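# What the coordinates show
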Amino acid sequence: MEKTKGSFVAVVRRIGSKYLKAPRHGDMGAVPVMTSAANFATYFRPFPKHQGRFVSFGSTRMQSTTAEGPYSMVRKQKKVGLRALQKAHLKGTKITMLTAYDCTMGKLAADSGVDIVLVGDSVANVRLGYDSTVEVTMEEMLMVTRGVRRGLDAYCGTGSVPLLVGDMPFGAYMTVKDALHNATRLLKDGKADVVKLEGGNKKAVETARALVEAGIGVMGHVGLTPQTHVSLGGYRQQGVRAESALQLLREAQALQEAGCFAIVFECVPAEVAAFVTSQLHTPTIGIGAGSGTSGQVLVCDDMLGASGAAVPSFVKKYADLGPITQGAIREYVKEVKQGSFPAPEHSKHMSEKELRRLHGLAGVEIDVPVSTGAAPEVPAVAKATCNADGSYQRTHSRRMGGKAALAGAAAVSVGMVLAHSEEPGPGHARVVHTVADIRTAVADAKRSGKKVGFVPTMGHLHEGHLQLIDAAAKDCDVVVVSIFVNPSQFAAHEDFEQYPRHLDADVGALNLQGKTHLVFAPSAVDMYPKDPRALTLSTAVVPRAVVGAPEDAQRPHFFTGVATVCSKLFNIVQPDAVFFGQKDAVQCVVIRNLIEDLSMPIEFNVVPTARASDGLALSSRNAYLTPDQRARAPVVHRALRAGELQLRAGNGSVSAEKVTAAVREVLESENYVKVQYVDIAGFRDMKSVDTVSVVNAGGVRPESPVIISVGLTMGEGDQTVRLIDNIVVQ
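My aim in this report is to walk through the structure given alongside it, one point at a time. Because the structure is predicted, anything quoted here is derived from the model rather than measured. (Residues numbered from 1 in each chain as written. Predicted model: local features only at pLDDT ≥ 70, side-chain atom pairs only at ≥ 80, totals over all residues. Heavy atoms only, no water.)

### What to know about the sheet that holds strand β29 (residues 721–729)
- Strand order in the open sheet formed by three strands is β25-β28-β29, and the pairing between neighbours is antiparallel. What marks the edges here is a single partner per strand, and that holds for β25 (673–682) and β29. Between one strand axis and the next, the sheet turns by 15° as a mean value, whatever way the strands run.
- Both β25 and strand β28 (residues 706–714) contribute to a ladder of nine bridges, which runs antiparallel. Bridge pairing in β28 links Val675 to Leu712.
- Across the face of the sheet, helix α23 (residues 635–648) comes into contact with β28 and β29 while running at roughly 30° to β29.
- Each of β25 and β28 touches helix α24 (residues 656–667); the most contacted strand, β25, lies at about 150° to it. (Pairing = 2+ DSSP bridges. Helix = DSSP H or I, 4+ residues; strand = E, 2+ residues; numbered from the N terminus. Axes fitted to C-alpha atoms, helices over the stretch in contact; angles between N-to-C directions. Contact = heavy atoms within 4.5 Å.)

### Considerations on helix α13 (residues 352–362)
- When we look at burial in α13, the residues that qualify are Leu355, Arg356, His359 and Gly360. Axial view of α13: buried residues confined to an arc of 135°, hence all on one face. Exposed and facing more than 90 degrees away from the buried side of α13 are Lys353 and Leu361.
- Gly363 sits one or two residues past α13 and shows a positive phi near 65°. (Buried < 20%, exposed > 50% of the residue type's maximum accessible area, 1.4 Å probe, protein only. Arc of directions from axis to C-beta.)

### As for a positive patch on the surface
- A cluster of like positive charges, contributed by Arg146, Arg150, Lys188 and Lys191, occupies part of the molecular surface.
- If you trace the backbone, Lys188 turns up in helix α7 (residues 176–188). (Patch = residues over 30% accessible without salt bridge, like charges linked within 9 Å, V, L, I, M, F, W, Y side chains within 5 Å. Areas by Shrake-Rupley, 256 points an atom, 1.4 Å probe, with all protein chains shown as cover. Salt bridge = Lys/Arg side-chain N within 4 Å of Asp/Glu carboxyl O. Lys, Arg positive; Asp, Glu negative; His and termini not counted. Charge placed at Lys NZ, Arg CZ, Asp CG, Glu CD.)

### Description of a nonpolar patch on the surface
- A grouping of Ile329, Tyr332, Val333, Val336 and Phe341 is seen on the molecular surface, where their side chains present a nonpolar patch of about 430 Å² in accessible area.
- Structurally, Ile329 is set in helix α12 (residues 321–338).
- Overall, the relative accessible area of 48% leaves Ile329 in the partly exposed class.

### Concerning the pattern of salt bridges
- Within this structure, the stated rule accounts for 30 salt bridges.
- Across the salt bridge formed by Lys446 and Asp576, the nearest N and O atoms sit 3.4 Å from each other. Placement of the pair is Lys446 in helix α15 (residues 435–447) and Asp576 in the loop between α20 (558–573) and β22 (577–581), with a sequence separation of 130 residues.
- Classification of Asp576 by relative accessible area gives partly exposed; the value is 23%.
- Residues Arg722 and Glu551 are paired through a salt bridge, measuring 2.9 Å at the closest nitrogen-oxygen approach. Taken together, the positions of Arg722 in strand β29 and Glu551 in helix α19 (residues 550–554) put the pair 171 residues apart, joining distant regions of the chain.
- Note on Arg722: relative accessible area 24%, which makes it partly exposed.

Laid out in structure tokens, this is it:
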């Protein structure tokens, strides 16, 4: 049977001292039937030795072709193999693994030099919206794994294609028979190279051994095993006590003995992971297990900040795509609704002649603008009929105004679409880094009579920040945003160095929102030239009005740092108006007093707290919450609402103690919540009150607005995260 053109594949084989071209498979025939004469002749003479050695023992194969040249060398990509991983472990070279769920991310991972790509069952809650990894099915894992494989196969760089690991979903390896069947499916149907399974108990070890003996590579997984998180007591750190750490060592050794080529350690103390790694000759991959393992793995969506949701505390966000993506989608919705997208450059057009013919063939009447010298916003429109030859016959004309004018302006005319659109926002904020540059830029704006609004931030922007900028854009002509992690707000022992800094991502989010004109991103040296860490400033602004307030008592240095940096920023930027969020209630009091007491000519604006759909106040520190903590965190808002209900249920004079007790009761119903304070204070001064006078005038409310505020920590040990929140009752 003759092969179709291009289907014959040749290889070069060494026969004695010569290299000869031959068919790759015996059923292909001896030589290609449809090829060039020059290529045909190469099957009847020895292949050049230097090329033959390279093709036979290197990384290329020869493929028959009808191209001009007689030979076409097609490169076969090298793959990261198990021996390469073992060598890296023995040499101390760190191994990189990334969890991916689709073709695009697979290709990006390969292009970036990742060693291993894991198609994790975490796709269940990361991409498929399930509550846990338990719900994902084998069919779904196969589909996702195939997609990632296609991405890896698209790689054509000079490096090696990453090893593809397919995660065995819950229920796929309950018995050894099931495990063998489903692992085979992952390799044959999912195109994975090897598989991963969770657990280090006797049953898991026996399953791993059976798979290895069947010739299937197995990656083990101990520590926090998400498929069995319920039996482990939730998503919490494992191996924190010596006995449980020893058990982890025993499990890892058993998996090593069973033949696992690598073992994942998830959510275990760094010291334990490093110790266990030192006792093994098998590579270890850590996630939330410190730096002492052979390599690291992160979930792609977590490290890219793709969802905009909170990520575990052990994750470093290398980007923050959530706000950027959300901003892009919002801009798309806005432009579609206002008619500015698609613009002419996004459309293909019919020629004028063909458009006239179409109208004539269809025998339809259309509106065509005519020139009358009228103002553009109220155009004159003539009714015209398109004839079969493409000419127009005008039947009557009229003047239009209001919505009809806009409709007329958007009518089809000689192949052109006229669309009404609003003036675009800035879209490309200018970033300045020095005091001199920002002063010059603001001065230029003010000389032209523009009102300047200012939103000071420490970066790591989220939707709450964007709402402040929205408010500033509505009130001002020019919006300035500062991005500066202020060292004077951090005590020597606090997390100043670890605070997230992603200037490029923040500027990208601002540009997508399209409402910021200037970004002021100074260095600590610019702001505090004598003391960049700001631990021993010679001059500082002390906000005495809030000294001793519950929040100030928790961080005695904090509000002095706020007042000091804002004094400097206000002096540098010289804004007409500033915008702060109600979430930081004490900070709002500090800034209001600062502006009033020092007679600064600045309008002070407070924007309501931005919240997630479940009530959690948006904060940069939410990124530190583990998934379990994030699920529990809405209790803070529920507790505040309970306090508000208690207050509104009162009559006459209501005891603050009774209200705070209602708040504490809700908070303390959650495990691992440590309440630092619950307070009721005046809205303008944040002075604590003992009683609240309640009136019934169109509904029960306080006689004067009050704020119920809380400060607390969630978690324990290294997983502790501090949260604050408040609500205004009026």
